[in-house]
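# Examining the three-dimensional arrangement
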Amino acid sequence: MSLVSLAIADRLVGHEDGWLVPLLIAAGINAALALSGVGAIISIILGALGFGTILSERFG
């Protein structure tokens, strides 16, 4: 999940000034999902979407 949240944070703020800000935002996203009751379900869904995207890019 942390790679997915890092990609989301990178899309939100970019990484022109380094990776610290996106990394902190990704940590905040992970913390918010961990505190909510649906964090595990969202993690599974986002992981499956990310894996599907990788397969789609690789095998066209």
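Residues numbered from 1 in each chain as written. Predicted model: local features only at pLDDT ≥ 70, side-chain atom pairs only at ≥ 80, totals over all residues. Heavy atoms only, no water.

### What to know about the confidence of the model for the protein
Confidence along the protein averages 81 in pLDDT terms, with 97% of residues attaining 70 or more. Across the protein, element-level confidence peaks in helix α2 (residues 20-35) with a mean pLDDT of 86 and bottoms out in helix α3 (residues 39-59) with 78. (pLDDT = per-residue confidence, 0-100. Helix = DSSP H or I, 4+ residues; strand = E, 2+ residues; numbered from the N terminus.)

### Concerning α2
Along an α-helix, residues three or four apart share an orientation, since each turn contains 3.6 residues. Given a rise of 1.5 Å per residue, 16 residues ought to cover 22 Å, and the 22 Å separating the end C-alpha atoms of α2 matches this to within 8%. Turning to α2, its buried residues are Pro22, Ala26 and Leu33. Buried residues of α2, seen end-on, are gathered within an arc of 40 degrees and therefore sit on one face of the element. Exposed side of α2, more than 90 degrees from the buried face: Leu20, Leu24, Ala34 and Leu35 are the residues found there. (Expected span 1.5 Å × (residues − 1). Buried < 20%, exposed > 50% of the residue type's maximum accessible area, 1.4 Å probe, protein only. Arc of directions from axis to C-beta.)

### Quick word on a nonpolar patch on the surface
A cluster of nonpolar residues, Val38, Ile41, Ile42, Ile45 and Leu49, forms a patch on the protein surface that exposes about 440 Å² of accessible area. Overall, the relative accessible area of 53% leaves leucine 49 in the exposed class. (Patch = residues over 30% accessible without salt bridge, like charges linked within 9 Å, V, L, I, M, F, W, Y side chains within 5 Å. Areas by Shrake-Rupley, 256 points an atom, 1.4 Å probe, with all protein chains shown as cover. Salt bridge = Lys/Arg side-chain N within 4 Å of Asp/Glu carboxyl O.)

### Some points on the environment of alanine 31
Considering the arrangement of structural elements, one finds alanine 31 in helix α2. Classification of alanine 31 as partly exposed rests on a relative accessible area of 39%. When the C-alpha atoms of alanine 31 and glycine 47 are compared, they prove to be 17 Å apart, with 16 residues separating the residues in sequence.

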